[in-house]
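Tertiary structure, described
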Number of protein chains: 2
Amino acid sequence: MKAIEYKPIGIIHSPFQTPEETPIQPRAAGRAMGQLEVFAEYEQALADLERFSHIILIYHFHLTRERSLTVKPRHEDSRHGSLATRAAERPNPIGLSVVRLEAVDGANVIVTGIDVVDGTPLIDIKPFVPSVDQQYGANLGWLADRYDAG
Amino acid sequence: MKAIEYKPIGIIHSPFQTPEETPIQPRAAGRAMGQLEVFAEYEQALADLERFSHIILIYHFHLTRERSLTVKPRHEDSRHGSLATRAAERPNPIGLSVVRLEAVDGANVIVTGIDVVDGTPLIDIKPFVPSVDQQYGANLGWLADRYDAG
């Protein structure tokens, strides 16, 4: 099947210079502030975004060379299928984070709860829409083992 | 900035043959059943996925030719920046849906609440993890106008 080509629409700036110091997920990132530097040619596409409280970032794990089928996530003892994790080492190194939108100033978007490394290429921004993105009653999958194990 | 290349990891099969008959979002899709035909080379990456109740699908809007900066979503009267919508006509035509996981059988994944057109190339699957993907208190953005106008 044909390869798919996307162009970065901007760059994510964050306080984290290496993957090792980057929080694993937005909740762990707490109030860490990030700036999305959207390229000027896409500024118009941001119209009305500022009215949302949360947005979904889709980005490219540009530091990841491995495209693994199984991974051992940080803080885990066993391997899992990479598509059953959020790890960067996966068939297509695409990342997804839900962050809080603080402000839109021209082509600059300020967010908090950022959990990606500084310089990450941004591919897409989507509004977080509670009626379609919330899943009340969703379970924890294999992550529940951590809690079972006490 | 350099283009990014991804390879489809499978094909999404759904009851919807055209974009016009495809529900706009998973909730509207209700119990519509879909099958993710993951290519055999990626089957191992699905290990442990079956323990999650909900998964996030990332896919390519392959029927979309326009890469618009502003769009008028279906059922809307006014235009919005495409990055402030979930429309297919956006800078990079990437789609995202959260669906319910019913079963994993080898490289076939059965889901319900599917809202994509039959034959859509699948790029990534991620587990939906409540502690990072739920955003209690998220607002409706410009979508709230519909209800205000109600």
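One structure accompanies this document, and this report is about it. Just so we're clear, the structure is a prediction, and the values are computed from it rather than from any experiment.

The rules we used
- Residues numbered from 1 in each chain as written.
- Chains lettered and ligands numbered in written order.
- Predicted model: local features only at pLDDT ≥ 70, side-chain atom pairs only at ≥ 80, totals over all residues.
- Helix = DSSP H or I, 4+ residues; strand = E, 2+ residues; numbered from the N terminus.
- Rg over C-alpha atoms; globule rule 2.2 N^0.38 Å.
- Buried ≥ 20, exposed ≤ 12 C-beta atoms within 10 Å, placed from the backbone.
- Contact = placed C-beta atoms within 7 Å.
- Core = buried A, V, L, I, M, F, W, Y, C linked by C-beta atoms within 7 Å.
- Nonpolar A, V, L, I, M, F, W, Y, C, P; charged D, E, K, R; others polar.
- Pairing = 2+ DSSP bridges.
- Axes fitted to C-alpha atoms, helices over the stretch in contact; angles between N-to-C directions.
- Least-squares fit on C-alpha atoms with pLDDT ≥ 70 in both.

Let's talk about the overall build of chain A
Along its length, chain A carries three helices and nine strands. Listed by position from the N terminus, the elements making up chain A come as β-β-α-β-β-β-β-β-β-β-α-α. The C-alpha atoms of chain A give 16 Å as radius of gyration, which agrees with the globular expectation for 150 residues (15 Å, within 12%). With the C-alpha coordinates aligned to their principal axes, the bounding extent of chain A is approximately 50 × 35 × 35 Å. For chain A, the proportion of its 150 residues judged to be buried stands at 46%. Of the contacts formed within chain A by residues at least 6 apart in sequence, a portion of 71% connects residues at least 24 apart.

Considering the nonpolar core
Of all hydrophobic cores here, the largest spans 72 residues; its most connected members are Ile-55 of chain A together with Ile-55 of chain B. Excluding residues that lie within four positions of it along the chain, Ile-55 of chain A makes contacts with Leu-49, Val-99, Leu-101, Ile-125, Lys-126, Pro-127 and Phe-128 of chain A.

Considering the interface of chain A and chain B
Contacts between the two partners involve 59 residues from chain A, matched on the other side by 58 residues from chain B. Looking at the side of chain A that touches chain B, the elements that each hand over two or more residues are β1 (4-6), α1 (26-29), β4 (54-60), β6 (80-81), β7 (94-105), β9 (120-127) and α2 (130-133) of chain A. It is β9 of chain A that contributes the most residues to the side of chain A that touches chain B, six residues altogether. A breakdown of the residues in the side of chain A that touches chain B according to their chemical character gives 34 nonpolar, 15 polar and 10 charged.

With respect to the sheet that holds β4 of chain A
All names here are of chain A. Within the closed barrel, the six strands sit side by side as β2-β3-β8-β7-β4-β9. Their pairing is antiparallel. Taken pair by pair, the neighbouring strands of this sheet meet at an average axis angle of 45°, ignoring direction. When strand β3 (residues 33-38) meets strand β8 (residues 108-112), the two strands line up antiparallel, connected through five bridges. Across the sheet, residue Glu-37 finds its bridge partner in β8, namely Asn-108.

Overview of the pairing of strand β7 (residues 94-105) of chain B
Residue and element names in this part refer to chain B. Two strands pair when backbone bridges link them, and strand β4 (residues 54-60) and β7 are joined in this way by seven bridges, in the antiparallel orientation. Bridged to Ile-58 within β7 is Leu-96. Here β7 runs beside strand β8 (residues 108-112); their pairing, made up of five bridges, is antiparallel. Within β8, the position partnered with Arg-100 by the bridge is Thr-112. Remark: two residues form the turn of the hairpin made by β7 and β8, two consecutive strands paired antiparallel; Gly-106 in that turn has positive phi of roughly 65°.

Regarding the relation of the copies chain A and chain B
Least-squares fitting of chain A to chain B yields an RMSD of 0.0 Å, with the transformation described by 0.0 Å of translation along the axis and a rotation of 180°. Taken together, the turn and the small shift mark the pair as related by a two-fold rotation axis. When each C-alpha of chain A is compared by its distance to the rotation axis, Glu-5 of chain A comes out closest, at 2.3 Å.

Concerning the pairing of β4 of chain A
Residues and elements named next belong to chain A. For β4, the buried fraction is high: seven of the seven residues fall into the buried class. Taking every second residue as pointing to the same face, both faces of β4 are buried, with His-54, Ile-56, Ile-58 and His-60 on one and Ile-55, Leu-57 and Tyr-59 on the other. Direction of pairing for β4 relative to β9: antiparallel, over a ladder of five bridges. Pairing of Tyr-59 across the sheet is with Leu-122, part of β9.

Points about the environment of Thr-85 of chain B
Counting through the fold element by element, Thr-85 of chain B comes out in the loop between β6 (80-81) and β7. Apart from residues no more than four positions distant in its own chain, Thr-85 of chain B is found in contact with Val-71, Pro-73 and His-80 of chain B.

Brief notes about the sheet that holds strand β2 (residues 10-13) of chain B
Taken in spatial order, the six strands of this closed barrel run β2-β3-β8-β7-β4-β9 (chain B), and their pairing is antiparallel. Sheet twist, expressed as the mean angle between neighbouring strand axes with direction ignored, is 45°.

Structural notes on the environment of Gly-137 of chain A
Residues and elements named next belong to chain A. Structurally, Gly-137 is set in the loop between α2 and α3 (144-148). Given 7 C-beta atoms within a 10 Å radius, Gly-137 is considered exposed. For the pair Gly-137 and Tyr-6, spaced 131 residues apart in sequence, the C-alpha separation works out to 34 Å.

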